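As a plain string of letters, each chain reads:
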Amino acid sequence: MEDPIQLKEEGNKYFQASDYEKATQSYTQAIKLNKDKALQAVLYRNRAACFLKKEEYAKAASDASRAIDINASDIKALYRRSQALEKLGKLDQAFKDAQKCATIEPRNKNFQETLRRLGADIQEKLRIQFSTDLRVQKMFEILLDENSEKEKREKAANNLIVLGREEAGAERIFQNNGVSLLLQLIETKNAELILAAVRTLAGMCTGHKARATAILHYLGIDNICMWMSVDNEEISLAVCNLLQTITDCLLGQGKEEHHGKEEAVVLDTKKDLRMITMRLLEMLVSKNVSGQGRDRALNLLNKNIPRKDLKDHDNSRTTFVIDNGLKKILKVVGQIPEMPDCLPLTENTQLTASVLLNKLYDDLRCDPERDNYRVICEEYIKSKIDPQDMDKTLHAIQMVSGVLQGPFDLGNKLLGMKGVMEMMVALCGSEREIDQLVAVEALIHASTKLSRATFIISNGVALLKEIYKKTKNEKIKIRALVGLCKLGSAGGTDYGLRQFAEGSTEKLAKQCRKWLCNTSIDARTRKWAVEGLAYLTLDADVKDDFVEDEPALQAMFELAKTSDKTILYSVASALVNCTNSYDTKELVPELVQLAKFSKQHVPEVHPKDKTDFVVKRVKRLLKAGVVSALACMVKADSAILTDQSKELIARVFLALCEDPKDRGTIVAQGGGKALIPLALEGTDVGKIKASHALAKIAAISNPDMAFPGERVYEVVRPLVSLLNTERDGLQNYEALLGLTNFSGRSDKLRMKIIKEKALPDIENYMFENHDQLRQAATECMCNLVVNKEVQERFVADGNDRLKLVVLLCGEDDEKVQVAAAGALAMLTAAQKKLCSKMTEVTTQWLEILQRLCLHDNMKVQHRGLVIAFNLISADQELAKKLVESELLEILTYIGKQADDPKKQHIINVARDCLTKCMDYGLIKPLSQA
């Protein structure tokens, strides 16, 4: 279509049908093709109306301004701009536009009312602004006065934080020399005041690029990094959040708000981002930085350097870090905590660095980039290998160990470097315990994949057994045992591919459980026992024994709740194994026979991996308190909680939610809350599993209890994501049940479901051949039609929505009939237009209505009679049509029945229908004779 006028008409039709997206497209196309000025103004103001409906207020104001530039007295454009500016908080400008509208049409009550409202709002804004200035001044006076009472100071600090989060408050603090005063608070060295100041600054930076940039330059990145380096977890974390907020603004992420003139200022953020990145990399190798500070720097790099979306071709941030900081990250990975020259570390630092190495490697786009990465690693490690200096060599082996925990393929290549394997073997035979410790850990990480483990199986087992027998040191003993566990589980869940002799695996597991429960051993060493069990629980005998051992489970859960997050993956792996929530390939019987005939290996299922055993294990885990441990693991604000770990936790949750009777327990222990972030972030598989677990909970729980407060709105998107043809039928069905439950709660929830674009999918499932899916979708729609916007969709021309609901009322499936008749009863009650439309959409409407009114199921019958009453009430002509049909006999038969408490509501509706017909004069009352 090339005609702007036709495109405008098309846009108008879409707008009337509430399809604002398509209307916008039509107007945009017309604007491009149009040459006529007057029409251009109309198109811009129409598109502004679409943007208002879509809540894109900055675009609405811009389009209305363009229309006003062409015609200064375009009253519709002026009013639309006034509405948009009001929503953007620019009340004085909105007032001016409303004033112009009132001048052009002085008698328009709408304009007068808008002027009154805006005038009152402006007065209130000025009052608040004046009082805010005084409050800010007062707060700083209290905070900077050392003689103030402690309680007063705390209250002032909290008020300041709250004020910093509000746009008006943040602006007042900023304008009144607040940043300088906040800096004074930080310099007091008082921990509470420092926290208050840093949190206020973070609030002020949120969603405001210009202010964030100004604050960054005023405070100085060196100061921010210095504050983050302190050995105080709360302060370090607060400063980290401040730097993340500033980075989000510079990258254009996070909560974006429009602030008028700021949009016109072009801020070059690349320079600032590079400066932040360089300082963070310098923090990694500085001895003056605390372990907490190092972790924060690594977490910030993990979060902001690799691309979020691989479709974005720009990976320059990653290549910059590799060129300027890869050696620094390798240095952190190569640290040995037992050595005197070690940098300050926490238990999480080195694994976080390995995760960063992996993310950077995965973010590279081509082989030359990967080769460059490998060469830097190889050269750096080579420079550390020195047969004359054992300590230096130890760092090299530790680096290889760290890379193996990151980009594994690269780690394998580094293992193949000349001298690396030889040094590992030599260190295993060393007399020094530290040498053995590093070598054993390197061996463990080297034997991760079955294909790679062949060399290690032939050489490593002998080495590890030798160390295990010789050493008196428990730390080394446990690590050697884990190496053996890992090699012993190389066959996975395949019962026929056991590496060790019958019973050996159970013995290894028993020893691991014993160490796990021994609290006299340090947590870092007990963590290795969990690592061993993560491999051994692939064996069904081991997992069955493990879940029976409640003290061992409790010990593992307690470790999972500690600040050491390096254990997360091992705990999650062990739980996935115990609940059998890993993916299994279905064996085709014919192919199994063929494989046996050709003497190929066929994977065998262990008898204890059958369903009844798995169910028992799940019950045991729930009884031992697995949900609170998982909820605690999900809260870890660390790069160590990788997407893979999240996926494992989501798999466990889904397995736990299988039995409806257990879902209440899971919710009570915080499972519902923990699943929301898992459903929104992570691998695709992980998000689907977590969304499915949420759907299972949402389908049968009271949403107010399962997801209290605002949290319930966050659950809608994961449920809608399951309404997809790529998901299986059970996922579709349980998501629809969850949405049905939600849509019956409140109109705010119904609006959220509509906003997430779920309606077209729900309508598609109403066409489904599968009875249960069709029923669930119809029930969901029955709840949604209470909403005005949904009703408008049914009223709009050019769709078959109403026809589908009418035809579903004629289905044989009783549950579908109940839902469809309920939807139709509500629609015809709310929208009179739909009463006449119902008679036009299908010729079978009257026959279907009569069947509803005569139905054996009282629910269906009542709804049918309500529909009949709505049609009669809507229009006399329609009532006449019904009276002339057999429906009058049906109504008379029901209405004449004697009063009966069980079906009184049905009899009353039939009588109401007859009374209405009498009022119209279509029927006469029976004579009194």
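Here goes a summary of the coordinates provided. None of these values were measured; they are calculated from a predicted model. (Residues numbered from 1 in each chain as written. Predicted model: local features only at pLDDT ≥ 70, side-chain atom pairs only at ≥ 80, totals over all residues. Heavy atoms only, no water.)

On to the overall build of the protein, then. Per the secondary structure count, the protein includes 52 helices and zero strands. With the principal axes as the frame, the protein shows a C-alpha extent of 115 × 75 × 65 Å. Taken over 929 residues, the protein has a buried fraction of 53%. Once local pairs closer than 6 in sequence are excluded, the contacts in the protein between residues at least 24 apart make up 68%. Surface accessibility of the protein: about 44,300 Å² in total, with carbon and sulfur atoms responsible for 50%. Distance between charge centroids for the protein: 1 Å, based on 133 positive and 130 negative side chains. (Helix = DSSP H or I, 4+ residues; strand = E, 2+ residues; numbered from the N terminus. Buried < 20%, exposed > 50% of the residue type's maximum accessible area, 1.4 Å probe, protein only. Contact = heavy atoms within 4.5 Å. Areas by Shrake-Rupley, 256 points an atom, 1.4 Å probe, with all protein chains shown as cover. Lys, Arg positive; Asp, Glu negative; His and termini not counted. Charge placed at Lys NZ, Arg CZ, Asp CG, Glu CD.)

Take the nonpolar core next. Formed by 260 residues in total, the largest nonpolar core has its most connected members in Tyr373, Leu516, Phe653, Leu656, Phe707, Phe742 and Ile762. Ranked by residue count, the leading element in this core is helix 11 (residues 191–205), at ten residues. With sequence-adjacent residues up to four places away left out, Ile762 is seen in contact with Leu723, Leu736, Ile753, Ala777, Cys780, Met781 and Leu784. Within the second largest apolar cluster, 32 residues are counted, among which are Ala41, Ala61, Tyr79 and Ile122. (Core = buried A, V, L, I, M, F, W, Y, C linked by side-chain atoms within 4.5 Å.)

Take helix 51 (residues 887–895) next. Those residues of helix 51 not exposed but buried are Leu887, Ile890, Leu891, Ile894 and Gly895. The arc enclosing the buried residues of helix 51, seen along the axis, measures out at 125°, which places them on a common side. In helix 51, the exposed positions that point more than 90 degrees away from the buried face belong to Glu889 and Tyr893. The elements touched by buried residues of helix 51 are helix 48 (845–853), helix 49 (858–874), helix 50 (876–883) and helix 52 (904–920). (Arc of directions from axis to C-beta.)

Attention now goes to the environment of Glu433. Mapping Glu433 onto the fold places it in helix 23 (residues 433–446). Here the alpha-carbon distance between Glu433 and Ile476, two residues 43 residues apart in the chain, equals 7.7 Å.

This next bit is on the packing of aromatic side chains. The geometry of two aromatic rings is summed up by the distance between their centres and the angle between their planes. Per the counting criterion, the structure on display carries four aromatic pairs. Seen in terms of ring centroids, Tyr79 and Phe111 are 5.2 Å apart; in terms of plane orientation they differ by 50°. Their pairing is tilted. Residue Tyr79 is located in helix 5 (residues 75–87), and its partner Phe111 is located in helix 7 (residues 109–144); the two are separated by 32 residues in the primary sequence. Exposure class is identical for Tyr79 and Phe111. Each is buried. (Phe/Tyr/Trp six-rings, centres within 6.5 Å; stacked < 30°, edge-to-face > 60°.)

Along helix 17 (residues 316–333), the sharpest change in direction is near 70° and occurs at Gly325. For helix 17, the set of buried residues is Thr318, Phe320, Val321, Ile322, Gly325, Leu326, Ile329, Leu330, Val332 and Val333. Residues of helix 17 that are buried in the fold lie against helix 15 (269–284), helix 16 (291–304), helix 18 (349–362), helix 19 (367–382) and helix 20 (390–404). (Bend = angle between axes of the 7 residues up to and from the residue.)

Inspection of the secondary structure assignment puts Cys578 in helix 30 (residues 568–579). For Cys578, a relative accessible area of 1% translates into the label buried. Taking the C-alpha atoms as reference points, Cys578 and Tyr535, separated by 43 residues in sequence, lie 11 Å from one another. Filtering out sequence-adjacent residues up to four positions away, Cys578 remains in contact with Thr537, Lys543, Phe546, Val547, Arg617 and Leu621.

Bringing the pattern of salt bridges into the picture now. Side chains that differ in charge, positive against negative, can pair when their charged atoms come close. Here the structure, examined in full by the defined rule, presents 43 salt bridges. Taking the shortest distance from any N to any O, the salt bridge between Asp544 and Arg617 comes out at 2.9 Å. Here Asp544 is found in helix 28 (residues 540–548), whereas its partner Arg617 is found in helix 32 (residues 611–624), with 73 residues between them in sequence. According to the relative accessible area criterion, Asp544 is buried, its value standing at 13%. (Salt bridge = Lys/Arg side-chain N within 4 Å of Asp/Glu carboxyl O.)

Tallied over the entire structure, the rule returns zero disulfides. Here Cys517 stays free of any disulfide, with the sulfur of Cys512 as its closest cysteine sulfur at 11 Å. Cysteine Cys917 shares no disulfide, and the gap to the nearest cysteine sulfur, in Cys913, comes to 6.9 Å. Classification of Cys917 by relative accessible area gives buried; the value is 1%. (Disulfide = S-S within 2.5 Å.)

The subject of this paragraph is the packing of helix 40 (residues 729–743) against helix 43 (residues 771–784). Two numbers describe how helix 40 lies on helix 43: the axes approach to 8 Å, and their chain directions differ by 20°. On the basis of the axis angle, helix 40 is roughly parallel to helix 43. In this structure, the crossing between helix 40 and helix 43 has a hand that is left-handed. Contact residues: helix 40 offers Gly729, Asn732, Tyr733, Leu736, Leu737, Leu739, Thr740 and Ser743, while helix 43 offers Gln772, Leu773, Ala776, Ala777, Glu779, Cys780, Asn783 and Leu784. Each residue belonging to the contact of helix 40 with helix 43 can be placed in one class, and the counts come to nine nonpolar, six polar and one charged. (Axes fitted to C-alpha atoms, helices over the stretch in contact; angles between N-to-C directions. Parallel < 35°, antiparallel > 145°, perpendicular 65-115°, else oblique. Left-handed = near helix turned anticlockwise from the far one by under 90°. Nonpolar A, V, L, I, M, F, W, Y, C, P; charged D, E, K, R; others polar.)

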